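# A look at the structure
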Amino acid sequence: MYKIRILEEANLPLEVAILLIAALAMLITGILLFPVSIGVIPYYENGLYGLLLFIFAIQIVTIGKTPFWDMSRSMPLIIIGTIIASVGIVTCFIPVFLSQIPGIMLFIFFTPGGFFLLFRTLLSREKLRSWLKYKGIFNHLIFSSIAVYFLSILIGLLVLMHNLLNITMTAVVALLFGILLIYLSFVLWKIYIIYPEAENVNKGTVNLSADKMLLLLTGVFMLILGVLLIPVSLGELPFSGSAQLGLLMIIFAIQIMSSGSTPIGLFPKSWLIIIIGLFFAVLGIISNIVPDILVMPLTILIGVLNIAGGIITLTNTFLPLLKKTQNYIGSVPLILKKLFFTQIIMGCLSILFGLSMLISYLIPGLVVGVVLFANGCVLLYLIKILLVIDKMRNQNETIKNTL
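Treat the numbers as computed from the prediction; the structure is a model and nothing was measured.

Now for unusual backbone geometry. Its identity as a non-glycine residue notwithstanding, D292 has a phi of 70°, on the positive side. Mapped onto the elements of the fold, D292 is located in the loop between α11 (271-289) and α12 (295-322).

Once the charged atoms of two side chains with opposite charge are near each other, the side chains can pair. Under the definition given, this model contains two salt bridges. Of the charged contacts in the structure, one is a salt bridge between K65 and E15, with a shortest N-O distance of 3.6 Å. Separated by 50 residues along the polypeptide, K65 in the loop between α3 (45-63) and α4 (75-93) and E15 in helix α2 (residues 14-37) bring together distant segments of the chain. When its relative accessible area of 8% is taken as the criterion, E15 is described as buried. When the shortest N-O distance is used, the salt bridge between D70 and K65 registers 3.3 Å. Residue classification places K65 among the partly exposed residues on the basis of a relative accessible area of 23%. Salt bridges sharing partners connect three or more residues here, namely E15, K65 and D70.

Once that is clear, we can look at the layout of surface pockets. Its volume calculated, the second largest pocket comes out at about 1100 Å³. Lining of the second largest pocket is provided by 38 residues; of these, E15, K65, D70, Y149 and L188 occupy positions nearest its centre. When residues of the lining of the second largest pocket are traced back to their parent elements, those giving at least two are α2, α3, α5 (101-123), α6 (125-134), α7 (137-160) and α8 (167-194). Tallied by class, the residues present in the lining of the second largest pocket amount to 25 nonpolar, seven polar and six charged.

About the cut-offs
- Residues numbered from 1 in each chain as written.
- Predicted model: local features only at pLDDT ≥ 70, side-chain atom pairs only at ≥ 80, totals over all residues.
- Heavy atoms only, no water.
- Helix = DSSP H or I, 4+ residues; strand = E, 2+ residues; numbered from the N terminus.
- Salt bridge = Lys/Arg side-chain N within 4 Å of Asp/Glu carboxyl O.
- Buried < 20%, exposed > 50% of the residue type's maximum accessible area, 1.4 Å probe, protein only.
- 1 Å grid on protein atoms, 1.4 Å probe; cavity = no way out; pocket = protein on both sides within 12 Å on 5 of 7 lines; lining within 4 Å.
- Points joined across faces, edges and corners; volume = space filled by probe spheres on them.
- Nonpolar A, V, L, I, M, F, W, Y, C, P; charged D, E, K, R; others polar.

Here it is, written out as structure tokens:
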């Protein structure tokens, strides 16, 4: 009976998935700060700051949710979100590279952002009256939202002024913030189940689905990593390998939880898939915060996933060709031929990257950087192809409807 339940469909909105990962980040940070306070384990502040910036960026580009208010997704907003994601990625990878910039950005997002959201909630009589009128779960929404905004303000101050509280008290605040975010996540989840129309599905003026936006951020991740690995391999820059692996696990986690898209293929969104996504997120968060603790297992895991994913991509690409005639292949539209060759290149690059992780020194660092940069370029090109295909499909639907 338990197995049947865990394989049932789980409708987890993207907003809730992102919020759960943010909650886990704060909860795990609070737990880990206790041993950090007595010097038992090391602490990588840049890893945490970069991770939080990356989570803010994901909210912005996928659902238009900024630290200050919800906005219609537009190209300027996507560009801003991508810049914030890039700052977060570099912050994770290169220790003390951006100096105080990540901390100042997080302070602005948490403290002024928390103030603005708090006063907007309290002063928006129409929204507050509606919530009070419906009662029930909306009473929990009022309490959890206001509590999260208050703690957000305090978190921002702690980021800016490290001496405001000692490490133990900071750990308590982070734990409480994480618990409240989990509470808010489940409240929103229940509201979206009861009132599906309330879910944030704002597409805005940008014709990019959440899946494609996550693909865009993955491409940006690969581009930046590829570029940075070149000076790193020459000994010109310090580099945090654990944060690199951790952030990649976070990307996997969000893709798995939001759409069931895993490195080895697409699966139905079940409770099992959600649990796997949360497990990936936990591993990624720990790897970002505590240097080197999970480097070996995550290197093996990501290497195997990339190799398996590359082999599966190549198999799924070539297998249909064996069932088709040469005449059929010649009649395939040009855009589908481009998609075919793009998938082949992606599969090969994925296998090459996975092998470089599993077998040290198999490929020189400079070459790995070039491979990752190429992977990022191919991912961005894939988005372009998918947009063209979507446009063609929509045009065909329009023509059918007019006939």
